[in-house]
Amino acid sequence: MIKHILTIIKNERKHNIGLWIELFIVSVFLWYIVDDVYVTLYNYNRPLGFDIEHTYIMHLGRLSEESNEYIQDIAVETGVSYLHTALERIAQNPMIEAASISQNSSPHIGSSNSFPLYRDTVHTRYPILSRVVTPGFFKVFRYKSVNGSTDELVQALKRGELVLSANVANELFEADESPVGKQVSFSESDSTDLYRVGAISDIVRYDNFSNWDYYFAQPMDNDFLERFTGEWVGSLEFCVRVKPEQDHDFIRRFREDMTQQLRIGNYYLRDIQSIPASKTAFQKDDVNDLKIRLFVVLFLLVNIFLGVTGIFWFRTQHRCSEIGLRISLGDTSKQVLMKYYAEGLLLLTAAIIPSMIVIYILGTQEILNYYLMKFTFSRYIIGFAITYILLAVMIILGIWFPARKAVKVSPADALRDE
C-alpha cells in the first residue's frame, strides 16, 4: 500500500508541492509555539526546593526619636541582644514550629543579594544568590541537603560554615572531589578571609518564572546584625513556620499574644504577612503574562487547525468520485480511508524532516528560548513529537469528515460521475 501511495504522491507532485511547502512552514511555526509553551510550563512546574505552606514573614519597627517611649543611647551590642531575644520569644510561642532571621533571603519578596564565589583561581560563572540567615531558616522553608537532610544544613550554619547548592559545588570542585571541609572566598585576591564549606544543599530556585538556582547560605552572626540595630532593623526578615493545626486566623492571634512581648528596647512588631499571599502578589504580573501568552497560543492553534484541516477537507471533498471508484473496484470503506490517511501522514512526514533541520540550526545558534532551558535532545524531540501529533490529528480530521460521506456513495453514482 505504501508503494502505491508514494506513486500517487509522485504523480500528483505538481499539486502536492504547494501543500508540502505549507506543511513545512506550519510545522516550523507550530514547533516554535509548542516549544515555547513546553519550556515555560516545564520551568513553572519544576520543584522550587523549598516549602512555603504555613509560613509567614514579620518585620520589626523602630520607634521614632520623637516618641515618648524612645530610649536614648542603646548600645549596638544591646540592640543585637534585643534581636536575639525577639527571635527566641517568637520561636517559643506555642503556635510556632520554627523561626529564623534573614536578610534579603526569604522567598517571593522581589529583592536579593548576589556575589561570585572563588576557590583559588576558579570562580562561578555568574554571581550567585546569597542567603544570610540563622540556622532555623532551613527548618522554616524545609531546605534539604543532597542527602535529604535539613538538619545537616542547620548544623553547618551553627558551626559557622557555608552551605553551597549542588550546582555551585559542581562549578567550583571536581566531580570526584567532596566540597565539604574545603574553603572558598568572595574574592580571587582574598586568600586570608576564607570560609569553610559545611554542607551541600539540593537545588533551590528563586521562583517559578526564572532559572536562577545557584545559591549559597552563610550564618548571620552578631557582626552582621550590628548593621541593622538602628533604623535599618525593618530590613530583617523574621520568618516563621506555623504548626498546621494552628494556621487559622494566625496573624490576629499572634499579634494578640506577642505585641507586648516583642516590644523590646526601641523595637516593636511592625507587620506580619502570609508568604503564600506574598507569592501571589509577587508573581501576579508573571502569571497574567503567562495567561495572555497561553491565550495567544490557543488562538494561533485554532487558526492552524482550521487552516490545515480545511485544506485537507477541501482536497478530500474534490476526490469523492475517486473514493467511490475505489470502492466500486473492490476496496472496503476502511481500506480507502486508511490509504488517504497514510497519504496525508506521508506528506506531513516529508515536510517535517526539513523543518527538523531548520529548527536544529536555530537551536544550536541559541536563537530559541535558551535561558529557561538548554536546547537539549529531549527538548528537541518532545517539541517535534507534539508538533507531529497535533498536525496528524488535524490532517486526519480534515480527511475523515468528507471521506466518511464519500464512502457511502453508491458505486454506480461514482462510475457515472467518473
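Structure first, text after, so check above.
The paragraphs below set out a description of the structure included in this document. (Residues numbered from 1 in each chain as written. Predicted model: local features only at pLDDT ≥ 70, side-chain atom pairs only at ≥ 80, totals over all residues. Heavy atoms only, no water.)

### A few points about the side chain of histidine 59
Logical step 1: Here histidine 59 is to be found in strand 1 (residues 55–62).
Logical step 2: Within the local environment of histidine 59, its side chain forms a polar contact with the side chain of aspartate 271, the two groups lying 3.0 Å apart.
Logical step 3: Those residues in contact with histidine 59, other than ones at most four positions away along the chain, are Gly234, Leu236, Glu237, Tyr268, Leu269, Arg270 and Asp271. (Helix = DSSP H or I, 4+ residues; strand = E, 2+ residues; numbered from the N terminus. Polar contact = N/O pair within 3.5 Å; in protein donor to acceptor, adjacent residues only side chain to side chain. Contact = heavy atoms within 4.5 Å.)

### A word on the pairing of strand 11 (residues 236–242)
Logical step 1: Summarising burial for strand 11: 7 of the 7 residues are buried, a large majority.
Logical step 2: Side-chain alternation along strand 11 places Leu236, Phe238, Val240 and Val242 on one buried face and Glu237, Cys239 and Arg241 on a second face that is also buried.
Logical step 3: Relative to strand 11, strand 1 runs antiparallel, the two being bridged by 4 bridges. Paired with tyrosine 56 across the two strands is valine 240, which belongs to strand 11.
Logical step 4: As paired strands, strand 2 (residues 96–103) and strand 11 are joined by 7 bridges and run antiparallel to one another. Directly across from alanine 98, in strand 11, lies its bridge partner arginine 241. (Buried < 20%, exposed > 50% of the residue type's maximum accessible area, 1.4 Å probe, protein only. Pairing = 2+ DSSP bridges.)

### Things to note about unusual backbone geometry
Logical step 1: The phi dihedral of arginine 142 is positive, around 55°, even though this residue is not glycine.
Logical step 2: By the secondary structure assignment, arginine 142 is in the loop between helix 4 (136–141) and helix 5 (151–158).
Logical step 3: Among the residues examined, arginine 142 registers a relative accessible area of 36% and is labelled partly exposed.
Logical step 4: Notably, aspartate 249 is not glycine yet its phi reads approximately 50°, a positive angle.
Logical step 5: Mapped onto the fold, aspartate 249 is located in the loop between strand 11 and helix 8 (250–258).
Logical step 6: The partly exposed category is assigned to aspartate 249, whose relative accessible area is 44%.

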